[in-house]
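Remarks on the overall topology
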Amino acid sequence: MRHLLSAKDLSRDDAILILDTAAQMAATQEREVRKLPTLRGKTVVNLFFEDSTRTRISFEAAAKRLSADVINFSAKGSSVSKGESLKDTALTLQAMGADAVVVRHWASGAASRLATSGWMHGSVLNAGDGTHQHPTQALLDAFTMRKHLVTDPLGNDLAGLTVAIVGDVLHSRVARSNVQLLHTLGATVVLVAPPTLVPIGIDPWPCDVVHTLDQALDAYDIDALMMLRVQRERMTGGGAAFFPSPEEYSRIYGLDGARMRRLPDHAIIMHPGPMNRGLEISAEAADSPRSVIVEQVANGVAVRMAALYLLLAGEEGAA
Amino acid sequence: MSRPIVIENASLYGDTTATILVEDGVITAVGATVDAPDDAVVVDATGLIALPGLVDIHTHLREPGREDAETIETGSRSAAIGGFTAVHAMANTTPVADTAGVVEQVWSRGKEIGLVDVYPVGAVTVGLDGTQLSEMGAMAHSKARVRIFSDDGKCVHDPVIMRRALEYAKTFDGVISQHAQDPRLTEGSQMHEGEVSAELGLAGWPAVAEESIIARDVLLAGHVGSRLNVCHLSTAGSVEIVRWAKSRGVDVTAEVMPHHLLLTDESVRGYNARFKVNPPLRTQADVDAVRAGLADGTIDVVATDHAPHPDEDKDCEWAAAAMGMIGLETAVGIVQKTMVDTGALTWRDVARVMSEAPARIGRVEDEHGRPIAVGEPAHLTLIDPADPWTVDPSASASRSNNSPFGGIELPGRAVATFLRGVPTHLSPRFEGAFA
């Protein structure tokens, strides 16, 4: 594996290797000294064209616990805002000797451009590109589901599980990544969204689509329920009109206590964060014992350690 | 006086083999044997197709304003290499071609260069902003004799402005050439809306945004009895609407671009912005439909939408990249590949869709798109249909190299172009004869 650009690029074996490696990484994080020497001398650049403190510090923690040198590069500019172009930024990073670039960008395809345009030679790890992909998020979600819902997690996939993903699928790189990865791992995926937030052309996606949360709760035995963040202002303002009001969205798609109690007892509640409490999820659901939302954050560090390790140390054969 | 030229054994329109004599810019003999003067330059055209010089009604020459992308000179040279003897230069320059002064400047610069006849297109509205009609009359009556009016790049979306433009252009037999794109349905749009956009997470440009404007415009054109030309038609639904309008007697013509005859939205998967164009690359079903529409005459014209952009506007994130592709030098090769070699069009049909019909739409049919016959102006293109070549965008005469066809093999190309009997493009095989 040279780059990690899209969940679609991962085979079942690739995905299980990353999840198993993440499990090993997570185990090391229970020790008193959590730092591993594995990536000593390697340079990892966190290149963020979009604000995301959560994702950046997760990658930063992952790289540092593997003893890599970490450079944080916050590039607010873009060729659109007349800042430095993506190409020049890449050439700069190449000149600085980056072994891996973790990139977050507002433009779909930006990570792919960095990896394939010949501007730089290091590994590219996509930390979210526009509304396209966010593969480590899907991996940390799968890791979390496997840990809670699969009896003997190591070496196994998610066959037999049903995962419902609720919210703005149209603009969600989390949904796109999860549909592909969960399918690869054998889970059944149900997307729940108003038709305005389902992309035209979704037919070939390996998932079901329903239009109300109640319908999904009635029709499926849901093992994991993932609530997506709603961009309140983007949805109703500026003539975008994806739904009439936040209140109506909350009534039809929000997860409250009553809906939570309709889930099977073992089912877990997930959210990629940051949450809009009271919009897509109530405090009662978010803070309930079924919620694994905080644990997702911790698992994110382990999964990102695994990804960095497999990208940067993998070729040297250390396992 | 230039020397006479005798073009021997050319296949006229791909039909009959004949020799053509050109003297003083005029065809003076056509026949199996021609009595050529002793000093005539001999061009051996055995195996070559002779067509009337090609005419493009949709070219962006970028001058004035974006001379870093293209100039009238480099664009004219690129056109001549592609077999064109006339191009209509789109109005979205800086300043916009919305006054007699700008169109006359473009026209006279084209004349000075002399590689193709450059016919400026005038803007429909002042500054292309869709609110106030430009002085179309002044442009029509200027030396540039403008007959095609277009806000291309932008849609004349206000139905009242569109209606007035259609009506007003009748005064001077003008045509409104509409870039059909509903602006509200395409805010932020990046590519065709469908299965590929859903997966790539790029904002969709739905077919209905084109089709709804075309439907409105053919109804308007029918209502006021005006001429409408549909720019760069790209969807199966648009073909259906134009077919319906023609069956009802609406005076509508339509263009298709070579890239919409060959490429689909699948090309976007690598996020390489060379495939970013407006209207966007559509699906295979759309490609099949526009080919069928061109074959049955629903679509009148192949135009290039040659749209040069410098590297920095393409070598970036998809969403930040400019829309458009160069296409003058590859057009006839792509038409051969997609339409002639597939049996959908004959070379005589190619003369119709790439020379005669566009000349008629632009009202330059007294000069271009003429028959290859005695007494006619010697605007001629020789095409070698058996000269396979691999497109190398960096070798283009255009100042830009944003072609989506790099690495694609085309079956043939223009090997000589004559404007009023003067060679404006000669492949190396003929250079000796004219030395």
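Counting from 1, residues in each chain are numbered in the order their sequence is written. Chains carry letters from A onward and ligands carry numbers from 1 onward, assigned in written order. Totals for whole chains, interfaces and linings use all residues, but because this is a predicted model, local features are given only for residues with pLDDT of at least 70 and pairs of side-chain atoms are given and counted only at 80 or more. With hydrogens and water set aside, each side-chain value is computed from the structure's full complement of heavy atoms.

1. A word on the pattern of salt bridges
Applied cut-off: Salt bridges are identified by distance alone: a Lys or Arg side-chain nitrogen within 4 Å of an Asp or Glu carboxyl oxygen. Strands here mean DSSP runs of E at least two residues long; helices mean DSSP runs of H or I at least four residues long; both are numbered from the N terminus. Residue exposure (1.4 Å probe, protein chains only): buried if accessible area is under 20% of the type maximum, exposed if over 50%, otherwise partly exposed.
Applying the stated criterion to the full structure yields 42 salt bridges over all chains. Measuring nitrogen to oxygen at the nearest pair gives 2.8 Å for the salt bridge that ties A:Lys64 to A:Glu60. Remark: A:Glu60 and A:Lys64 occur in helix H2 (residues 53-65); sequence separation between them is four residues, near one turn of the helix. On the accessibility criterion, A:Glu60 (14% relative accessible area) is buried. With its nearest N and O atoms 3.3 Å apart, the salt bridge here joins B:Arg269 to B:Glu199. With B:Arg269 in the loop between helix H8 (258-262) and helix H9 (284-295) and B:Glu199 in helix H5 (residues 195-200), this residue pair connects regions lying 70 residues apart in the sequence. Taken together, the shared-partner salt bridges in this structure form one network comprising A:Lys8, B:Glu199, B:Glu266 and B:Arg269.

2. Section: the sheet that holds strand S7 (residues 208-210) of chain A
Backbone-to-backbone hydrogen bonds join strands into a sheet, with any given pair of strands oriented parallel or antiparallel. Residue and element names in this part refer to chain A. In plain terms, the rule: Note: two strands are recorded as paired if DSSP finds a minimum of 2 bridges between them. Here an axis means a line fitted to C-alpha atoms, over the contact stretch when the element is a helix, while the angle between two N-to-C directions is reported on a 0 to 180 degree scale.
Taken together, five strands build an open sheet; the order of strands is S7-S6-S5-S8-S9 and the sheet is parallel. This sheet does not close on itself; its edge strands, each paired only once, are S7 and strand S9 (268-270). Taking the axes of each pair of neighbouring strands and ignoring which way they run, one obtains an average angle of 20° across the sheet.

3. Regarding the interface of chain B and chain A
Here is the rule: The criterion used for residue contact is that any of the two residues' heavy atoms lie within 4.5 Å. Here's the idea: put two parts together, see how much 1.4 Å probe accessible area each one loses, and the total over both is what we call buried area.
Counting residues at the interface gives 20 residues for chain B and 27 residues for chain A. Of the roughly 1800 Å² buried where chain B meets chain A, counting both sides, 50% is carbon and sulfur surface. On the chain B side of the interface with chain A, the three residues burying the most area are B:Glu199, B:Tyr271 and B:Glu317, jointly 34% of the side's total. One can count three salt bridges joining chain B with chain A. Ionic pairing is found between B:Asp315 and A:Arg113, a salt bridge with its closest N-O pair at 3.6 Å.

4. Observations concerning the sheet that holds strand S2 (residues 69-74) of chain A
Residues and elements named next belong to chain A. Strand order across the open sheet formed by four strands is S2-S1-S3-S4, with parallel pairing between neighbours. Of all the strands in the sheet, just S2 and strand S4 (123-129) have a single pairing partner and so form its edges. The sheet shows a mean angle of 15° between the axes of neighbouring strands, direction not considered. In terms of strand pairing, strand S1 (residues 43-48) meets S2 through six bridges, oriented parallel. Paired with Val 44 across the bridge in S2 is Val 70. Along the sheet face, helix H12 (residues 293-312) touches S1, strand S3 (100-105) and S4 and points at about 150° away from the line of S4.

5. So, the domain arrangement of chain B
In many analyses, interface size is given as the accessible surface area lost on bringing the parts together. Residues and elements named next belong to chain B. Defined as follows: What fixes the domain bounds is an automatic or database domain assignment. Here a polar contact means two N or O atoms within 3.5 Å. Within protein one must be a hydrogen donor candidate and the other an acceptor candidate, and residues neighboring in sequence count only if both atoms are side-chain atoms. Think of it as three bins: nonpolar holds Ala, Val, Leu, Ile, Met, Phe, Trp, Tyr, Cys and Pro, charged holds Asp, Glu, Lys and Arg, and polar takes everything else, Gly as well.
Domain annotation of chain B identifies domain 1 (5-49 + 376-434) and domain 2 (53-361). The gap between the C-alpha centroids of domain 1 and domain 2 is 26 Å. Counting from both sides, the interface comprises 35 residues of domain 1 and, opposite them, 48 residues of domain 2. Roughly 3200 Å² is buried in total at the junction of domain 1 and domain 2, and carbon and sulfur atoms are behind 60% of that figure. Interface area lost by domain 1 to domain 2 is led by Arg 399, Asn 402 and Phe 405, which between them contribute 21%. Where domain 1 meets domain 2, there are two salt bridges. The interface formed by domain 1 and domain 2 includes 21 residue pairs in polar contact (both at pLDDT 80 or more). Mapped by element, the contributors of at least two residues to the side of domain 1 that touches domain 2 are strand S16 (380-384), strand S18 (409-410), strand S19 (413-419) and strand S20 (422-426). Within the side of domain 1 that touches domain 2, the residues separate by chemical class into 17 nonpolar, 13 polar and five charged.

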